[in-house]
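Coordinate inspection notes
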Amino acid sequence: MAKYIFVTGGVTSSLGKGIIAASLAKLLQARGLKVTIQKFDPYINVDPGTLNPYEHGECFVTEDGAETDLDLGHYERFLGVNTSQLNNVTTGRIYQTVINKERAGEFLGKTVQVVPHITDEIKHRMQLIGKKGEFDIVITELGGTVGDIESLPFIEAVRQLQWELPEEDVLVIHLTLVPYLKAAKELKTKPTQHSVKMLSETGVHPDIIVCRTEEILGNDIKNKIALFCNVKPEAVIEAMDASTIYEVPLLMLREKLDVITMKKLGITGYPEPNLDNWKLFLDKLKYPKAKVTIGLIGKYIELQDAYKSILESFIHAGAMNEVKVRVLDIHSEFINEQNVDEKLGGLDGLLVAPGFGNRGIEGKILAVKYARENGLPFFGICLGMQMAVIEFARNVLGIKDAHSTEMNPETANAVINMMEEQKRIKMMGGTMRLGAYPCEIEEGSLAHKVYNSTLISERHRHRYEFNNSYLVQFENAGMNASGTNPETGLVEIIEIPEHPFFIGVQYHPELKSTVERPAPLFVSFIAAAKKYNEEKVGNKR
Ligand code: GLN
């Protein structure tokens with residue numbers, strides 16, 4: 001039987017519950033325990049797949065094709081263990097299940113209510129992974145902030161589980177903020193006291209309080225929080241702002257979050273955490289030997305979370321190459337013929353990001369052209385790959401009206417076309433080509449060198465594809481399809497062998513990059529950028 005840890009948040013949102021959950025999970029995993037993390041989100045969307053990135057950041061896609069919250073990306077990057085459809089549940093999905101059961105007559109004439117029917121469904125889902133017997137510990141992050149109307153059924157479900165399951169099998173961690181008032185030169189505990197009080201009013205008392213803070217808490221503050229919030233001082237954990245999220249497991253180690261957690265759950269007999277690989281990674285991250293500048297061309301760049309997995313992949317790949325990757329966000333809407341040289345001139349590599357719809361498209365195409373013509377390392381992901389195809393068609397093949405039917409359904413030259421199986425689909429949620437698919441790689445290609453394999457599997461999220469009726473024309477002119485789906489022939493990778501590093505992929509390699517296994521494409525792209533930078537500097541001398 002698995003034990004359950006619930007992580008709630010108070011005072012404000014964006015305190016980093018996901019990072020705390022992932023850091024604790026890492027420490028427990030590094031001791032030899034089998035741990036997974038799941039997230040329960042209180043919004044009514046059935047999953048975040050239909051959300052605009054401005055709302056909730058990137059949509060993370062799992063191996064089994066679930067469109068999930070971006071925190072699942074952190075869980076995978078920290079733990080190196082795949083999550084699945086079961087690891088992300090929303091209010092929408094809970095209600096949908098309960099309403100479907102009601103329509104099927106499964107409640108036998110009873111009035112269907114939040115308590116017990118909704119809470120029963122929440123409890124059932126909270127224990128689904130745990131009951132499979134694969135994990136010792138299931139950490140559940142509850143989205144939202146204590147006090148929100150919409151989180152109430154989730155908190156109530158936690159209360160009931162705490163009551164139903166053996167005492168040592170359920171633990172509640174509450175993450176709060178201890179603000180520092182500059183004028184008074186003081187840390188303030190009152191918001192934490194109120195937040196714990198509010199949580200307690202719902203019948204759930206936290207076992208451990210983790211305090212986000214900009215300043216060292218000190219024993220006085222810890223004792224005060226302990227006293228007023230009715231926990232032992234050792235259960236008050238300081239979570240200082242860190243220079244990188246990957247530092248947080250070590251901060252939590254120092255604060256003994258894993259020790260108090262195991263004590264409360266009655267877990268004994270596991271050695272001290274082995275974080276050797278983790279520390280090695282952090283050392284490389286902190287002490288880079290060189291620097292490269294990568295342009296990230298996208299239309300959601302105002303919001304860091306929109307390209308979360310890509311940014312994290314750069315961090316992993318940078319450490320692997322022992323370089324600092326400086327990512328320069330470049331808004332595709334503001335790139336034009338006049339400023340493209342100036343905007344992209346200082347770069348060592350160019351990444352054109354995934355995306356949907358028409359906005360900023362022409363800027364992306366101009367950026368690809370610049371990289372292709374100037375030998376600048378280029379990496380296109382999903383829409384970025386599609387833009388590289390359109391650019392090549394227009395400027396090399398001379399097909400001036402080449403386009404994707406996503407942006408121009410009427411184009412006479414649809415080099416990017418909707419996938420056949422997508423044409424019948426009318427519903428938006430969960431209907432793209434999602435999750436892991438195999439890709440066969442041509443021997444001797446750049447992709448082959450990158451992956452050192454002729455068969456790979458990567459995750460997808462798209463509706464459009466390369467139109468194979470143009471393939472011969474492309475290959476004759478110097479753009480090859482070096483990776484294809486072995487069953488359908490769908491083009492997964494394009495590259496230009498003449499160029500030092502020009503590659504576009506229909507899939508999302510960023511979704512599989514973890515601290516201990518960085519995505520090969522990002523590692524090679526950064527290596528190419530490093531080489532480009534060295535040559536550039538060499539030429540100047
Ligand atoms: N909009 C494109 C498609 O649906 C690309 C999607 C993406 O970049 N994830 O095919």
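Everything numeric in this text was worked out from a predicted model, so none of it was measured.

Pairing in this open sheet of nine strands is mixed, and the strands run β13-β12-β14-β15-β23-β22-β21-β18-β19 from one edge to the other. Strands at the two margins of the open sheet, each flanked by one partner only, are β13 (323-331) and β19 (455-462). For this sheet, the mean inter-axis angle between neighbouring strands, taken without regard to orientation, is 30°. Where strand β22 (residues 491-495) and strand β23 (residues 502-505) come together, three bridges link them in antiparallel fashion. Each bridged residue has a counterpart across the sheet, and for I494 the counterpart in β23 is G504. Its contacts with the sheet place helix α12 (residues 308-321) against β12 (290-298), β13, β14 (349-352) and β15 (378-381), and it is angled at close to 150° to β13. The strands touched by helix α14 (residues 361-374) within the sheet are β12, β14, β15 and β23, with β14 carrying the most contacts at an inclination of about 150°.

Mapped onto the fold, V515 is located in the loop between β23 and α18 (520-540). Under the relative-accessibility criterion, V515 is labelled buried at 6%. Remark: the alpha-carbon pair of V515 and R77, spanning 438 residues in sequence, is separated by 5.7 Å. Once residues lying within four places of it in the same chain are set aside, the contact partners of V515 are R77, Y246, W278, F281 and H316.

Turning our eyes to something else, we now look at the site of the ligand. In the region of the ligand, the neighbouring residues are P354, G355, F356, C382, L383, Q386, E406, R461, H462, R463, Y464 and H508. Here an oxygen atom of the ligand and a backbone polar atom of L383 are 3.0 Å apart. The separation between a nitrogen atom of the ligand and a polar side-chain atom of H508 is 3.2 Å. Expressed as a share of its isolated accessible area of 290 Å², the protein-covered part of the ligand is 99%. Of all the secondary-structure elements, those providing two or more residues to the shell around the ligand are α15 (383-395) and β19. Residue composition of the shell around the ligand, by class: five nonpolar, four polar and three charged.

Take the nonpolar core next. Membership of the largest hydrophobic core comes to 62 residues, with the highest contact counts inside it found for I5, I137, I139, I208, V210 and M252. Looking at this core, the element that brings in the most residues is helix α1 (residues 17-30), giving nine residues. Membership of the second largest hydrophobic core comes to 41 residues, among which are I365, V368, V389 and M479.

Definitions and cut-offs
Residues numbered from 1 in each chain as written. Predicted model: local features only at pLDDT ≥ 70, side-chain atom pairs only at ≥ 80, totals over all residues. Heavy atoms only, no water. Pairing = 2+ DSSP bridges. Helix = DSSP H or I, 4+ residues; strand = E, 2+ residues; numbered from the N terminus. Axes fitted to C-alpha atoms, helices over the stretch in contact; angles between N-to-C directions. Contact = heavy atoms within 4.5 Å. Buried < 20%, exposed > 50% of the residue type's maximum accessible area, 1.4 Å probe, protein only. Near = heavy atom within 4 Å. Polar contact = N/O pair within 3.5 Å; in protein donor to acceptor, adjacent residues only side chain to side chain. Areas by Shrake-Rupley, 256 points an atom, 1.4 Å probe, with all protein chains shown as cover. Nonpolar A, V, L, I, M, F, W, Y, C, P; charged D, E, K, R; others polar. Core = buried A, V, L, I, M, F, W, Y, C linked by side-chain atoms within 4.5 Å.

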